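Okay, here's what each chain looks like letter by letter:
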Amino acid sequence: MQEPRITVIVPCYNEEEVLPKSSQVLGSILTKMIQAQQIRADSQVLFVDDGSSDKTWTLIKRFEAQNRIFSGLKFSRNFGHQNALMAGMKVAGKLSDAVITIDADLQDDPNLITEMVAHFKKGSEIVLGVRNDRTSDTIFKRFTAEKFYSFMRHIGVQLVPNHADFRLLSHRAVDELMCYQETNLFLRGIIPQLGLKTSKLYYQRRPRFAGKSKYPLKKMISFALDGITSFSVAPIKAILSLGLVVIAVSCIMLIYTAVRFFTGNVINGWTSLMMSLWFLGGIQLIGISIIGEYIGKIFAEVKHRPRYIIETDDYSPVQQPELLSEQQVR
Ligand code: UDP
Ligand code: MG
């Protein structure tokens, strides 16, 4: 096999603190691989600026000017991590034999890139980076992540535990992935559904070396909810079970009330009445909100809005003038 052209995609949201080091590390890994003729000489690192408000884009432009191994894509505003990955893959997938996505903070081990490419050359269409321990995470993050994965397994969603968005996808896998048109993106749920030949590589995840996490608790919860409601209707089905339990309890209550009525003691019972009123009200509201969550998803999907808007694309080759005028005529 001729050496493959690889593009390493790095989503960046306000990452001015980490980019100088990340670019240096990723750049030198790719350069070494090019020199060792493991990958094609025009392989690149593509930074996707997800609407940063700090100096991220200025830095990317500087890297581009210094070394042609670096390239950049800039969103018109913040569209989120998953969309930044999607845009990078769409743009780079067309011109690469394989793409690798990795976070800008290098928490995922960039040295695994070489091994990922080796697996790709041996025939894997997808190579997943999987954390073999989470000691660098806070106890809270570890606990919630573990619960999340076991809940997802329980409701029948296939996920690879401890795999985030550090992975290699072949040109073919990217093509297939692009057929998934959903607005509510949860990539780590879609990838196992592709069913293509997959291998896993294990590594130790390090703490962020600079800057703050761009996933505060609120964003993390909404991402987890997206994962659940985009892949399973189990929560809606659970409302039915809940309803059946409530009906069973109400049958017992019916017998109890009848007995109380016939024994002529009907005044007390105010407490149980009030309790069931509040309890049932609560259950109904929960039920409605779960359904509302899905309706919200449908609402977002039917509008079919663009997932992102690219303001500047320094990666794709400049369009030829004759092609441009042809398009304008159309
Ligand atoms: N990120 C992004 N857009 C966002 C949030 C995050 O492109 O709206 C990028 C961020 O720059 C980083 C990656 O997604 O490269 C993962 O974010 P982070 O490291 O903050 O998440 P954590 O590792 O804490 O889960
Ligand atoms: Mg991180």
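Basis of the calculations
- Residues numbered from 1 in each chain as written.
- Chains lettered and ligands numbered in written order.
- Predicted model: local features only at pLDDT ≥ 70, side-chain atom pairs only at ≥ 80, totals over all residues.
- Heavy atoms only, no water.
- 1 Å grid on protein atoms, 1.4 Å probe; cavity = no way out; pocket = protein on both sides within 12 Å on 5 of 7 lines; lining within 4 Å.
- Points joined across faces, edges and corners; volume = space filled by probe spheres on them.
- Nonpolar A, V, L, I, M, F, W, Y, C, P; charged D, E, K, R; others polar.
- Core = buried A, V, L, I, M, F, W, Y, C linked by side-chain atoms within 4.5 Å.
- Buried < 20%, exposed > 50% of the residue type's maximum accessible area, 1.4 Å probe, protein only.
- Helix = DSSP H or I, 4+ residues; strand = E, 2+ residues; numbered from the N terminus.
- Near = heavy atom within 4 Å.
- Polar contact = N/O pair within 3.5 Å; in protein donor to acceptor, adjacent residues only side chain to side chain.
- Areas by Shrake-Rupley, 256 points an atom, 1.4 Å probe, with all protein chains shown as cover.
- Donors = N, O, S within 2.8 Å, 3.2 Å for Na, K, Ca; no water.
- Pairing = 2+ DSSP bridges.
- Axes fitted to C-alpha atoms, helices over the stretch in contact; angles between N-to-C directions.
- Contact = heavy atoms within 4.5 Å.

K.L.:
What should I look at first to understand the layout of surface pockets in this one?
P.N.:
Unfilled space is identified by rolling a water-sized probe across the atoms. In this structure, the second largest pocket occupies an estimated 270 Å³ of space. What lines the second largest pocket is Leu 242, Val 245, Val 246, Val 249, Ser 250, Met 253, Ser 272, Met 275, Ser 276, Phe 279, Leu 280 and Ile 283. Of the residues in the lining of the second largest pocket, the class split is nine nonpolar, three polar and no charged.

K.L.:
What is the right way to look at the nonpolar core in this model?
P.N.:
Buried together is how nonpolar side chains tend to be arranged in soluble globular proteins. Residues Met 86, Met 89, Ile 126, Met 152, Leu 169 and Leu 177 are the most contacted members of the largest nonpolar core, which totals 42 residues. Elements that contribute at least two residues to this core include exactly strand 2 (44-49), strand 3 (70-75), helix 3 (81-93), strand 5 (126-133), helix 5 (139-154), helix 6 (171-177), helix 7 (187-194) and helix 8 (217-231). Counting residues in hydrophobic clusters, the runner-up holds 36 residues, among them Ile 6, Val 10, Val 45 and Tyr 203.

K.L.:
For this particular structure, what's the right way to read the site of ligand 1?
P.N.:
Around ligand 1, a shell composed of 19 residues is seen, among which Glu 15, Asp 50, Asp 105, Ser 213 and Lys 214 lie nearest. Between ligand 1 and the protein, one listed contact pairs an oxygen atom with a side-chain N or O atom of Asp 105 at 2.6 Å. Interatomic distance of 3.0 Å between a side-chain N/O atom of Arg 208 and an oxygen atom of ligand 1. For ligand 1, whose unbound accessible area comes to 530 Å², protein coverage reaches 95%. When the residues that make up the shell around ligand 1 are grouped by side-chain class, the tally is five nonpolar, five polar and nine charged.

K.L.:
What exactly am I supposed to notice about the coordination of the magnesium ion (ligand 2) here?
P.N.:
Each donor-metal-donor angle would ideally measure 109.5 degrees in four-coordinate tetrahedral geometry, or 90 or 180 degrees in six-coordinate octahedral geometry. Within the protein, the atoms that donate to the magnesium ion (ligand 2) are Asp 105 (OD) and Gln 107 (OE1), at distances of 1.9 to 2.0 Å. On the basis of relative accessible area, Asp 105 is assigned to the buried category, the value being 3%. Under the relative-accessibility criterion, Gln 107 is labelled buried at 11%.

K.L.:
Would you take a moment to explain the sheet that holds strand 2 for this structure?
P.N.:
Pairing in this open sheet of eight strands is mixed, and the strands run 7-5-6-4-1-2-3-8 from one edge to the other. Edge positions in the sheet fall to strand 7 (198-204) and strand 8 (310-313), since each of these pairs with one other strand and no more. The sheet shows a mean angle of 20° between the axes of neighbouring strands, taken without regard to direction. Helix 7 rests against strand 5 and strand 6 (163-170) of the sheet, and its axis sits at about 40° to strand 6.

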